[in-house]
Amino acid sequence: MSQPSKAPWWRSAVIYQVYIRSFADGSGDGVGDIAGIRSRLPYLKSLGVDAIWINPWFKSPQADHGYDVSDYRAIDELFGTVAEAEQLVAEAHRHGIRVVPDIVPNHTSDQHAWFRAALAAGPGSPERERYIFRPGLGPDGTLPPNNWVSEFGGPAWTRLPDGDWYLHLFAPEQPDLDWNHPDVHAEFEDVLRFWFGRGVDGFRVDVAHGLVKAPGLPDLTPRPDPVPGEPRRHVDHPHWDRDEVHDIFRAWRKVADEFPGDRCFVAEAWADTPERLAAYVRADTLHTAFNFDFLTASWDAEELRTVVDDSLAMLGAVGAPATWVLSNHDVVRHPSRYGRRGAGHWAGARYAPDGPLDPALGIRRARAAALLSLALPGSVYVYQGEELGLPEVEDLPESVRQDPMWERTGHTDPGRDGCRVPLPWSGQRTPFGFSPDDATAEPWLPQPASWHELTVEAQTGDPASVLELYRAALRLRRAHPALGDGTLAWLDTPPGVLAFRRDPGFVCVVNLSAAPYPLPGDSRVLLGSAPVEDGVLGTDHAVWLEIQDVQPSTP
Ligand code: GLC
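Cut-off values and rules
- Residues numbered from 1 in each chain as written.
- Predicted model: local features only at pLDDT ≥ 70, side-chain atom pairs only at ≥ 80, totals over all residues.
- Heavy atoms only, no water.
- Helix = DSSP H or I, 4+ residues; strand = E, 2+ residues; numbered from the N terminus.
- Rg over C-alpha atoms; globule rule 2.2 N^0.38 Å.
- Buried < 20%, exposed > 50% of the residue type's maximum accessible area, 1.4 Å probe, protein only.
- Contact = heavy atoms within 4.5 Å.
- Areas by Shrake-Rupley, 256 points an atom, 1.4 Å probe, with all protein chains shown as cover.
- Lys, Arg positive; Asp, Glu negative; His and termini not counted.
- Charge placed at Lys NZ, Arg CZ, Asp CG, Glu CD.
- Near = heavy atom within 4 Å.
- Polar contact = N/O pair within 3.5 Å; in protein donor to acceptor, adjacent residues only side chain to side chain.
- Nonpolar A, V, L, I, M, F, W, Y, C, P; charged D, E, K, R; others polar.
- Core = buried A, V, L, I, M, F, W, Y, C linked by side-chain atoms within 4.5 Å.
- Domains from an automatic or database assignment.
- Buried area = accessible area lost by both parts, 1.4 Å probe.
- Salt bridge = Lys/Arg side-chain N within 4 Å of Asp/Glu carboxyl O.
- Pairing = 2+ DSSP bridges.
- Expected span 1.5 Å × (residues − 1).
- Phe/Tyr/Trp six-rings, centres within 6.5 Å; stacked < 30°, edge-to-face > 60°.
- Lys NZ or Arg CZ within 6 Å of the ring centre and 35° of its normal.

Q: Got a minute to help me understand the overall build of the chain in this structure?
A: Along its length, the chain carries 15 helices and 20 strands. For 555 residues, the compact-globule estimate of 2.2 N^0.38 gives 24 Å, and the chain sits close to it at 23 Å. Its C-alpha atoms put the chain at 75 × 55 × 50 Å along the principal axes. In the chain, which comprises 555 residues, the proportion classed as buried is 57%. Across the chain, contacts joining residues at least 24 apart in sequence account for 68% of those joining residues at least 6 apart. When the accessible surface of the chain is summed, it comes to about 21,700 Å², and 52% of that surface belongs to carbon and sulfur atoms. The positive charge centre, built from 50 side chains, and the negative charge centre, built from 79, are 3 Å apart in the chain.

The structure is reproduced here in structure tokens:
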């Protein structure tokens, strides 16, 4: 059953991810900004989302596009000012849209006042204790303190001219903080209060699983390969998902609870198992976490059903809602993942497309996946442009690539720029309404000329468009008492078909099999990812049904 309406909003919200650089450019410099977001609030309202998550907007040298923060209490001048951020929050609230910025606690920028002070103060100084500085190994200290590797490629350590090494799990411009230091706790709790006090409704917590490192910083040891068919196991890791990390978030929860309204946190936490993920979202820690198992699952009925069951069971056991995520700013957009037999999802693991892209197949599955994710119990993330069916831009010229991953992997991994291309809003040619007519610069990444077909303007009013599918689905989801938070019951179906009931009277069917699937006779189609002909659901199509009498299968 659905929760009573006073359940907190984040248990069932549709949260739209605004990758600020690429959403809308109000200033005309080719980079998205707060003015752009403000101008598009009516669009978001009419789309029907409940909240926006905004990728980091704080002052930053932009070495990793805002994930390198030099001042957490200032907005970067590329994006606007704190006053504009406050206006955005107030205006969004007037539209009934909540605002969730992104906080980056694992590392700062190397231009942050603390890191600059640490560099100036030299080896052994108290200033260095807020970060992870260590002497090197070997007779001259020329070897890094351990064998950890950066997520962006290369070693996780950089040596300074004074001989010390410092840890950066990401780029060298992103030194890791030492969360053993009390200043670090106090500073972040204060930053949370600063923004909660300005009205934000929550935070997305970047790299939540990375804050605590094992004492002594032991070397990485090879991880056992997962055994196909066997449940995944948690394997102890020196810097990911350490148990002590939850103490930090218990303190953060208390900060959130100091403020009125339902403030919330969503964790970016990559965990080995659903049980480990659930540990982030217990009643006294963070509220929700991204479901990366769903995002990384293949287009396979059995695999998806297992992810859904495990997620609902493990999160339900701690009283947390599930979340459903298909794409974000770090992964290959899902129409391009689903449009191939198999494709790397996470740019950090080297994007290795398997076979040629079939764009029509990708879109067919993406439309079906949208109806699946929006019908499942819990809350849903929509990555900007997903509602337009944007594909990954796989042919960006090398000269325009900006993701540090591209450089740090020696140009072996194209990185994440292909999912970050500025949105097409209107018109026939670039910038497609992304920037104003009198803009002084081109969009920061080039938009494919073919995107004139995918603009918001081109899709609006076209009943066959991806945009109108999302609009209809979000409208129904908001109105239907069975959708959002709650439970599901699977229905008996042949292999390759997923069907579940939600009360009252709602069924979602997704056909991932090669055979057409006849829909129950006593049902009425509420919405289909494609028109349903002769009561039969085609391959890679999904449908929402209103239904009277169906019995769930035994679990
Ligand atoms: C997270 C972000 C990613 C960023 C990294 C370092 O994974 O989603 O975009 O590069 O953290 O902050």
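Q: Please explain the site of the ligand as it appears in this structure.
A: What surrounds the ligand is a group of 14 residues, the closest being D64, H107, D206, E268 and D330. R204 is positioned with one of its side-chain polar atoms (N or O) 2.9 Å from an oxygen atom of the ligand. For the ligand, whose accessible area on its own is 310 Å², the fraction buried by protein is 98%. Its residues assigned to classes, the shell around the ligand comprises four nonpolar, three polar and seven charged.

Q: What's the story with the nonpolar core in this structure? I'm lost.
A: Burial of nonpolar side chains together is a common tendency in soluble globular proteins. In this structure, Y16, W57, W195, F249, W252 and W544 are the most contacted members of the largest nonpolar core, which totals 145 residues. Counting 14 residues, the second-largest nonpolar core is a separate cluster that includes I132, W148, A156 and M405.

Q: Would you explain the domain arrangement of the chain in this entry?
A: Note: interface size is frequently given as the accessible area lost on complex formation between the parts. Here the chain is described as being made up of domain 1 (9-106 + 182-470), domain 2 (113-167) and domain 3 (487-546). Taken over C-alpha atoms, the centre of domain 1 sits 29 Å from the centre of domain 3. Contacts between the two partners involve 20 residues from domain 1 and, on the opposite side, 21 residues from domain 3. Of the roughly 1,700 Å² buried at the junction of domain 1 and domain 3 (both faces included), carbon and sulfur atoms supply 72%. Broken down residue by residue, the surface that domain 1 buries against domain 3 is led by R305, L371 and A375, which jointly contribute 31%. At the boundary of domain 1 with domain 3, the tally comes to one salt bridge. D540 is the partner of R365 in a salt bridge, and the nearest nitrogen-oxygen pair spans 3.2 Å. Here domain 1 is connected to domain 3 by seven residue pairs in polar contact (both at pLDDT 80 or more). Looking at the side of domain 1 that touches domain 3, the elements with two or more residues in it are helix 10 (301-317) and helix 12 (359-375).

Q: Sorry, what's going on with the sheet that holds strand 7 (residues 157-159) here?
A: For sheets, the rule is that strands pair by backbone hydrogen bonds, running either parallel or antiparallel. Taken together, the three strands give an open sheet; going across it, the order is 6-8-7, and neighbouring strands pair in antiparallel fashion. Both edges of this open sheet fall to strand 6 (133-134) and strand 7, since each of them pairs with a single strand only.

Q: Honestly, the pattern of salt bridges in this entry has me stumped. Any pointers?
A: Pairing between side chains of opposite charge can happen when the charged atoms of each approach one another. One pass over the full model with this rule turns up 34 salt bridges. The residue R276 makes a salt bridge to D243 at a minimum N-O spacing of 2.9 Å. Within this pair, whereas R276 is found in helix 8 (residues 274-278), its partner D243 is found in the loop between strand 9 (202-205) and helix 7 (245-257), the two being separated by 33 residues in sequence. When its relative accessible area of 17% is taken as the criterion, R276 is described as buried. Residues R340 and E394 are paired through a salt bridge, measuring 3.0 Å at the closest nitrogen-oxygen approach. With R340 in the loop between helix 11 (334-338) and helix 12 and E394 in the loop between strand 13 (379-383) and helix 13 (404-408), this pair connects stretches of sequence that are 54 residues apart.

Q: Hey, could you run me through the sheet that holds strand 11 (residues 288-289) in this one?
A: Judged by pairing direction, the sheet is parallel, and its eight strands sit side by side in the order 11-10-9-5-2-1-13-12 without closing on themselves. The open sheet has two edge strands with one neighbour each: strand 11 and strand 12 (323-325). Here four bridges tie strand 9 to strand 10 (residues 264-267), and the two strands are oriented parallel to one another. Note that in strand 10 the partner of G202 across the bridge is C264.

Q: Would you explain helix 12 in this entry?
A: Since the α-helix turns once every 3.6 residues, residues separated by three or four places project in the same direction. Compared with an ideal rise of 1.5 Å per residue, which puts 17 residues at 24 Å, helix 12 spans 24 Å between its outermost C-alpha atoms and is within 8% of the ideal. Where burial is concerned, most of helix 12 is hidden: 13 out of the 17 residues are buried.

Q: Just checking my understanding: could you explain the pairing of strand 13 for this structure?
A: The buried fraction of strand 13 amounts to five of the five residues, a majority that puts the element mostly inside the structure. Both strand 1 (residues 14-18) and strand 13 contribute to a ladder of four bridges, which runs parallel. Paired with I15 across the two strands is Y381, which belongs to strand 13. Where strand 12 and strand 13 come together, three bridges link them in parallel fashion. Bridging across to strand 13, V325 finds its partner in Y381.

Q: Is there a simple way to think about the environment of G122 in this case?
A: If you trace the backbone, G122 turns up in the loop between helix 5 (113-121) and strand 6. For the pair G122 and K213, spaced 91 residues apart in sequence, the C-alpha to C-alpha distance is 23 Å. Among all residues touching G122, those that are not within four sequence positions of it are R128 and D162.

Q: Mind showing me how you'd approach the side chain of H209 here?
A: By the element assignment, H209 lies in the loop between strand 9 and helix 7. Polar contacts involving the side chain of H209 include one to the main-chain carbonyl oxygen of E268, which spans 3.5 Å.

Q: Is there a simple way to explain the packing of aromatic side chains in this structure?
A: Working definition: an aromatic ring pair is given by the centre-to-centre distance plus the angle between the planes. This structure, assessed with the given rule, holds 31 aromatic pairs. Considering the side-chain rings of F115 and Y131, the 5.0 Å spacing of their centres and the 80° angle between planes classify their relative orientation as edge-to-face. Residue F115 is found in helix 5, and its partner Y131 is found in the loop between helix 5 and strand 6; the two are separated by 16 residues along the sequence. Pair check on accessibility: F115 and Y131 agree, each one buried. Stacked on the ring of F194, the Lys or Arg R198 has its end atom at 3.7 Å from the ring centre. A cation over a ring is seen here: R337 above Y338, with NZ or CZ 5.5 Å from the ring centre.

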